Amino acid sequence: MSSTVATPAAEPRTNYLNVDYGWKSWVFSTDHKRIAIMYLITIAFMILVGGSFAILVRLELATPAGDLLQSETYNKIFTMHGVVMVFFFLIPGVPAVLGNFLVPIMIGAKDLAFPKINLLSYYVFLVGILLTLTAAAMGGIDTGWTFYTPYSSTYSNGQVALAAVAVFITGFSSILTGLNFVVTIHKMRAPGMTWFRMPLFIWAHYATSLIILLSTPVVAITIVLVALERLFHVGVFDPTYGGDPVLFQHMFWFYSHPAVYIMILPAMGVISELISAFSKKRVFGYPVVAFSSLAIAVIGFFVWGHHMFVTGQSTYAGVVFSVITMLVAVPSAIKVFNWVSTMYKGDVWMTTPMCFAIAFIGLFTVGGLTGIFLGTMGLDIHMHDTYFVVAHFHYVMVGGMVTAFWGGLHFWWPKMFGRMYPENMGRVSAAIIFIGFNMTFFPQFILGYMGMPRRYHFYPEEWQVLNLLSTAGATLLGIGYLLPMVYLPWSLKFGKVASKNPWGAKGLEWETDSPPTTFNFDKVPVVTEEAYAYPEGARHQPEAKVV
Amino acid sequence: MWKGIPLFPDSASTYSDAVDYFYLALVVISIFFTVLVAALVVVFAIRYRTRPGSAGAVQIHGSHGLEIFWTVVPLVIVMALFVWSTKIWFVVTRPPAHAEQYYVTGKQWMWKIQHPTGQREINTLHVPVGVPIQLRMISEDVIHSFFIPAFRVKRDVLPGRYSTMWFEATKAGTYHLFCAEYCGTKHSQMIGSVIVMEQADYELWLAGAAAGESPQAQGEKLFAASRCDTCHTGKPDARGPDFKGLWGKQVQLSDGSSVVFNEDYVRESILVPTAKTVAGFQQLMPTYAGQLGEDQILSLIAYLKSLSDPAQGGAKP
């Protein structure tokens, strides 16, 4: 029959997407790739929610008078912006989407070690989101994402207990994912995939998972104590009941500072992959970059007190926390220098992911350097709780993690969906994001040094010009983020069909189909070379170029 | 054009210039490294861009020398910055011995301030130029933070515990006072002014303001009104310890340990008398929690302190 002869070329091979179209095949799927897609859709929704709150905050701050919103509403909006972005985007963003999809494929496994636990982690995450949105709908919370006591435990009128339960539950989703990654990376590597042949993306996820496992239980305990004090007046944090308000801050930051590294380390893993692939080179100083991830993970546990220099912890405790904080700057600097050196004498191809990677290096460098300002006590006593802090962590979190997330998503988009995104649109949105980001957050450094406190609904008139600039930048940034949310879904139907390896990159994920089959590989791959083993004189092939 | 974009707040305390110099040094270092990294990235992206006939990538695995170089250089820089900043930190956290004591009580959403001479103010703090001033601060509800950008200093104001900060103003003028720790609905309106005056103007202001009684005079009255003097008679057969000359000294407790007789101990003993009983006395004192506010406790402390100050007639031989 002639029709059967013609079809093999036209009909795509069976892959994880077209294997079954029934809704049950999605909601009960234990395929790490399908779970990653479910995370992606959920997180994209949360970005829109958290982003809308951010736009409202910036619109309010366009004028010094609090004239758009009531103070109470403003406080609830910046709280929800922080809670949604931190717990439902920054922390799970890279690991739950890109990590879930890629960790098994990159090490040559057919799935994560515990596929059902992986599905469970998604539903736990979903319950956390639903509870948070319920808390928002039932009146919201106005404590700031940091839930400082005794305000949160006694004085706030919002839905603190419900939000606390939501964050508590969401934490278990992180723990389950971290546990899955640790076991998978230890036990399920393909033959020949030794530790020092693993891509740096895997090293970063391994370090991240260790932090998640060790620190998340602490925030869970802390949140339970806040809820207990709020509901039953058990005296833990409120001095009225015999508690200690500063104890909360110690416990909270013991998790929340390492959480900063939960957000940024996987992003750093993404950047290592992008720079290597688009420079056609092994990552410069591979073992040093791998160990710097572990160093950041370990040192990151001993710096929480730098959030508390002015709370009245002892003068000498401040000194100790400050010196350890200075040490974290070193592995971060090492990574930046190694990425830059990777480009040296490479064959650099400025695709959209590479544009994002370069934007990351610039923004992360500024974010990291301004961290030194805040880690040195003599300055922090002035800059603590000002807009300088706001600008600093947005440079690290948004300029760093979010930029890497977009870069990674574009890079692996053909692998995930078998379609190319429109390249020029990608470059334009990367440029808009870079300019919009700097316009939004750079003025906030100056505002911070001037003394503008964070979480201020009203502010003195002399700071309006800088605030207006920031609001204008936020508008541009919003457009930059919306563009990929339009053209990426568009590409699913109209994008060019992607080959196995459109970038000519090294790595097991590029040796399997785009999109991969349900179990990733037809037969277990055997690894015979180190990661990023590009040959001498490697060049991007013009015919492989998609634009 | 630059008028609309200020870069530095006023610099009006003895240590604010030191903070600014350190900040400027960090800005210079940051610009250097940012420009270095940005220049390298841009140059490499252009110089080694892929194009038909490009040479292709030269595989370089790494360099021990370079890794050591860019580990040691940042390490030395951050350690030097740490030492520099810690010097500033010790200046800002250690008040001079004879700083004037002002009392600050924070509550949602106002600052209540009392001068050593008894004047009370709300959301405004008048201080003279050239006098070291220490604020003893406590909150009646949630955590606040007393922040004066022009002085480059802030300190959290906690419930249930005193915190202190000090400064010496150098320039007359009116400066912002902010609450820097988020404290609820009207956090951004928990603001005010610090008005720095020349010494003579400050004296005039003090004379003009409703002076009221000094904190220790109020404390002395409270001491009697709250019947503290029933037991703390100062006589040998008293049921409570004598406070004369006791301030700042070690006190033996009934459990064998000892404690410094200071603000925190006095406040605790007024609110929770059972916590630490002085050796040789029975625990008879009732709690004053709920009867005395934070302002009143601060007055009592001022009074007890004056009993140990020779200049105020305390601690007579």
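Placed above this text is the structure.
Presented here is a report on the structure given in the accompanying data block. (Residues numbered from 1 in each chain as written. Chains lettered and ligands numbered in written order. Predicted model: local features only at pLDDT ≥ 70, side-chain atom pairs only at ≥ 80, totals over all residues.)

### Regarding the overall build of chain B
Thought 1: Scanning chain B from terminus to terminus reveals 6 helices and 12 strands.
Thought 2: By principal-axis analysis of the C-alpha atoms, chain B measures approximately 100 × 50 × 40 Å.
Thought 3: Scored against the burial criterion, the 317 residues of chain B give a buried share of 35%.
Thought 4: Residue pairs in contact within chain B that sit at least 24 positions apart in sequence constitute 65% of those at least 6 positions apart. (Helix = DSSP H or I, 4+ residues; strand = E, 2+ residues; numbered from the N terminus. Buried ≥ 20, exposed ≤ 12 C-beta atoms within 10 Å, placed from the backbone. Contact = placed C-beta atoms within 7 Å.)

### Topic: the sheet that holds strand S10 (residues 192-197) of chain B
Residue and element names in this part refer to chain B.
Thought 1: Here we have 5 strands laid out as an open sheet, ordered S4-S10-S9-S6-S7, and mixed in their pairing. Both outer strands of the open sheet, strand S4 (124-128) and strand S7 (153-157), are each paired with one neighbouring strand and no more. Neighbour to neighbour, the strand axes of the sheet diverge by 20° on average, direction disregarded.
Thought 2: Note that strand S6 (residues 144-148) and S7 share 5 bridges and pair antiparallel. From the neighbouring strand, Phe146 faces S7, where its bridge partner is Arg155.
Thought 3: Against the sheet, helix H3 (residues 199-208) makes contact with S4 and S10, and its axis sits at roughly 130° relative to S4, the strand it touches most. (Pairing = 2+ DSSP bridges. Axes fitted to C-alpha atoms, helices over the stretch in contact; angles between N-to-C directions.)

### Here's the deal with the environment of Val224 of chain A
Thought 1: With respect to the helices, strands and loops of the structure, Val224 of chain A is situated in helix H9 (residues 200-232).
Thought 2: On the neighbour-count criterion, Val224 of chain A (14 C-beta atoms within 10 Å) is partly exposed.

### Focus on the pairing of strand S9 (residues 173-179) of chain B
All names here are of chain B.
Thought 1: Most of S9 is tucked away, with 5 of its 7 residues classed as buried.
Thought 2: With 2 bridges joining them, S6 and S9 adopt antiparallel strand pairing. Within the sheet, the bridge partner assigned to Phe146 lies in S9 and is Cys179.
Thought 3: Inspection of the sheet shows S9 paired to S10 by 5 bridges, in the antiparallel sense. Paired with Gly173 across the bridge in S10 is Val196.

### Looking at the sheet that holds strand S8 (residues 163-167) of chain B
Residue and element names in this part refer to chain B.
Thought 1: On the basis of which strands lie adjacent, the open sheet formed by 5 strands has the order S3-S2-S1-S5-S8 and mixed pairing. Of all strands in the sheet, those bounded by a partner on one side alone are strand S3 (120-122) and S8. When the angles between neighbouring strand axes are averaged without regard to direction, this sheet yields 25°.
Thought 2: Two elements, strand S2 (residues 110-114) and S3, share 3 bridges in a ladder whose sense is antiparallel. Bridged to Lys112 within S3 is Ile122.

The quantities given are spatial measurements derived from coordinates; they are silent on function.
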